[in-house]
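In case you want the letters, here they are:
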Protein chains: 2
Amino acid sequence: MNFPSEIKLFQDYIEVQLRQLAQTRYNSASPVHGACQYALDGRGKRIRPLLTLLASSGLEGKQSAALGPAMAVEMIHTYSLIHDDLPCMDDDDMRRGRPTVHKQFDEPTALLAGDALLTDAFHIALNPDIPHKFQSQIISSLADAGGGRGMVLGQDQDMFWTGKDSFTIENLNFIHSHKTGKLIACACKVGALAAEADDDTANRFYDFGLNLGIAFQVIDDLLDDTEGTGKSKGKDLAQGKLTYLALMTAADARKMAEELTQKAFVNLEPFGDRVKLIRGLGEALLNRSY
Amino acid sequence: MNFPSEIKLFQDYIEVQLRQLAQTRYNSASPVHGACQYALDGRGKRIRPLLTLLASSGLEGKQSAALGPAMAVEMIHTYSLIHDDLPCMDDDDMRRGRPTVHKQFDEPTALLAGDALLTDAFHIALNPDIPHKFQSQIISSLADAGGGRGMVLGQDQDMFWTGKDSFTIENLNFIHSHKTGKLIACACKVGALAAEADDDTANRFYDFGLNLGIAFQVIDDLLDDTEGTGKSKGKDLAQGKLTYLALMTAADARKMAEELTQKAFVNLEPFGDRVKLIRGLGEALLNRSY
């Protein structure tokens, strides 16, 4: 994906900080520490922590303060990938061109690595540069986005409806807003909270992220049909997974993604040019071709 | 286990509150919500949330403030049991006289229920009656106790050494202090923090719980040999699991548990009779016969 060069600087910063976190926090010879290091070095696009840092930066927050929440969001995302790849879930052997964690290590170690990253995220989020009141709001937002009414519920509903013919666009919207949307929304919101934003501002960043997140998922479905995702081509459809393309044409899906993205951007209007970097990231995500 | 009647009142309160939490938070028809309800209704002794409430009560903290951290600790304990019981881990079919979560539901649902309870614990811990500064300390303590340098590392080391003959008393102490001790220590500490305790007091409750927790594990090993644990008798030893009885006689193990418990109680001395309930719980745990 082609990010503007200013955004790439943030991306490089996240990569360096994640590596340092992995090497200092997971530094024992215990297998689970090796698995945590491996998983965090996952060569992802780092979209979620980028959103956190860019939200904070747009509101003139301190980068050092936003770093904790940014890494926490990436740790929660990483744990979810490890657990989703497990044999009892999606049973995936490869992720981003490398063996998945349970293939590289083993199943129990992968399970524990996911548990460790999820738990530790709540420690890492507590950056001392953030006033305590905002720390509490950040923890609350992370737990809501990830938990039994957030990402986990989306994954559960995804499993429930997979292979069933009777699912509707409402089911699919529920699944993707919970499974993908809420954590992306949270990534934006905790960036705003790290910059000590008031409730209205924090909610605007949340709504921006929620719409962007669903748009992101629609585009993921579109890209699953074509080259360059790194996933097995058309694998989702072949497995009977729920995709927007089972319910609408590719043209309609692309239109839906564009509408969601426009709806997302409306939330950022009060902040004008200050938030041009996070807006640029949103545009890059919409226009990506892989 | 025979708890004094004053402690039983706290136990009943926890049971009612956990049921209410389960029914309001996990109230959808999605399978993972059913599994969370089932797991929280697990008929456990509720030792950890009891320690939290009794620590807070001994320091004249508000019961309503300590309730959130108490339930969070029980949720983290419950998640750890669900994941430990999974086929790729201990592969247990029964727990406390009922089918384990993955037997009652299925494996993916059990995995997700554990993930949900762990994540949501960090939301539940944020009781609004607790000042924000102490909320942050509580979150930090929970994440440290549960995460990649806490309970998860203990479980990982347990798996690593299981079946190997060369493990030492140091390995075993490391495993149990991490796998069992740290969360029990945390349960006590977060109760103190909910009562707005200073650092020295919070650390005393932590050290009390850490020693008590290891003592608790030694007694668990002793009871595994005898009747009435609800576990398969001698199953741990038969599976090549690490127990203190593989390294010492039962008499020496009992002496070790008593010494740890005395070491635990020393930490509570400055608080005199105010902490008689939590001391009474500690004594009941040491003297239990099942």
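Residues numbered from 1 in each chain as written. Chains lettered and ligands numbered in written order. Predicted model: local features only at pLDDT ≥ 70, side-chain atom pairs only at ≥ 80, totals over all residues. Heavy atoms only, no water.

*Asks:* Explain the packing of aromatic side chains to me, please; I cannot follow it from the model alone.
*Replies:* Scanning all chains against the criterion turns up nine aromatic pairs over all chains. Seen from their ring centres, F160 of chain B and W161 of chain B are 5.3 Å apart, and the 85° between their planes marks the pair as edge-to-face. Relative accessible area serves as the criterion here: at 34%, F160 of chain B is assigned to the partly exposed category. Judged by relative accessible area, which is 16%, W161 of chain B ranks as buried. It is R98 of chain A that lies over the ring of Y38 of chain A; its NZ or CZ is 3.8 Å from the centre. (Phe/Tyr/Trp six-rings, centres within 6.5 Å; stacked < 30°, edge-to-face > 60°. Buried < 20%, exposed > 50% of the residue type's maximum accessible area, 1.4 Å probe, protein only. Lys NZ or Arg CZ within 6 Å of the ring centre and 35° of its normal.)

*Asks:* How do you make sense of the interface of chain B and chain A when you look at a structure like this?
*Replies:* Frequently, the measure chosen for interface size is the accessible area removed from exposure when the parts meet. Each partner contributes to the interface: chain B provides 46 residues, whereas chain A provides 46 residues. With both chains or domains summed, chain B and chain A bury close to 3,800 Å², and 65% of this area falls on carbon and sulfur atoms. When the buried surface of chain B facing chain A is broken down by residue, L112, T119 and R149 of chain B rank first, second and third, together holding 14% of it. Here chain B and chain A share two salt bridges between them. When the shortest N-O distance is used, the salt bridge between D144 of chain A and R25 of chain B registers 3.6 Å. Taken together, the connections running from chain B to chain A amount to 24 residue pairs in polar contact (both at pLDDT 80 or more). Every element with two or more residues in the side of chain B that touches chain A is listed here: helix 1 (5-25), helix 2 (31-40), helix 4 (63-85), helix 6 (107-124), helix 7 (132-146) and helix 8 (151-161) of chain B. (Contact = heavy atoms within 4.5 Å. Buried area = accessible area lost by both parts, 1.4 Å probe. Salt bridge = Lys/Arg side-chain N within 4 Å of Asp/Glu carboxyl O. Polar contact = N/O pair within 3.5 Å; in protein donor to acceptor, adjacent residues only side chain to side chain. Helix = DSSP H or I, 4+ residues; strand = E, 2+ residues; numbered from the N terminus.)

*Asks:* I'm lost on the relation of the copies chain B and chain A in this one. Help?
*Replies:* Of the transformation superimposing chain B on chain A, the axial component is 0.0 Å and the angular component is 180°, with the fit at an RMSD of 0.0 Å. Such a combination of turn and shift is consistent with a two-fold rotation axis. Among all C-alpha atoms of chain B, that of H132 of chain B lies closest to the rotation axis, at 2.7 Å. An overlap of 100% is found between the interface residues of chain B and their copies at the interface of chain A, pointing to a shared contact surface. (Least-squares fit on C-alpha atoms with pLDDT ≥ 70 in both.)

*Asks:* Explanation requested: the state of the cysteines in the structure shown.
*Replies:* Each disulfide consists of one covalent bond between the sulfur atoms belonging to two cysteines. Within this structure, the stated rule accounts for zero disulfides over all chains. The structure places no disulfide on C88 of chain A, whose sulfur is separated from the nearest cysteine sulfur, that of C88 of chain B, by 7.5 Å. (Disulfide = S-S within 2.5 Å.)

*Asks:* Help me understand the pattern of salt bridges, please; the structure alone is not making it clear to me.
*Replies:* A pair can form between side chains of opposite charge whenever their charged atoms are brought close. Residue and element names in this part refer to chain A. Under the counting rule described, the total for this entry stands at 16 salt bridges over all chains. Notably, a salt bridge pairs E74 with R46, separated by 2.8 Å at the nearest N-O pair. Here R46 lies in the loop between helix 2 (31-40) and helix 3 (47-58) and E74 lies in helix 4 (residues 63-85), a separation of 28 residues in the sequence. When sorted by exposure, E74 lands in the same class as R46, which is buried.

*Asks:* Please clarify how helix 6 (residues 107-124) of chain A should be interpreted in this entry.
*Replies:* Turn by turn, an α-helix covers 3.6 residues, leaving residues three or four places apart pointing in a common direction. Taking 1.5 Å of rise per residue, the 18 residues of helix 6 of chain A would be expected to cover 26 Å, and the 25 Å separating its terminal C-alpha atoms lies within 8% of that figure. Of all the 18 residues making up helix 6 of chain A, 16 are buried; the element is thus mostly covered by neighbouring parts of the structure. (Expected span 1.5 Å × (residues − 1).)

*Asks:* Which parts of the structure should I look at to understand helix 3 (residues 47-58) of chain B?
*Replies:* All names here are of chain B. Between its terminal C-alpha atoms helix 3 stretches 16 Å, which fits the 16 Å expected from 12 residues at 1.5 Å a residue. Most of helix 3 is tucked away, with 11 of its 12 residues classed as buried. Within helix 3, burial applies to I47, R48, P49, L50, L51, T52, L53, L54, A55, S56 and G58. Of the surrounding elements, those touching the buried residues of helix 3 are helix 1, helix 4, helix 9 (169-194), helix 10 (199-224) and helix 13 (276-287). Downstream of helix 3 by one or two residues, E60 has phi in the positive range, about 60°.

Everything listed is a geometric property; what it means functionally is a separate question.
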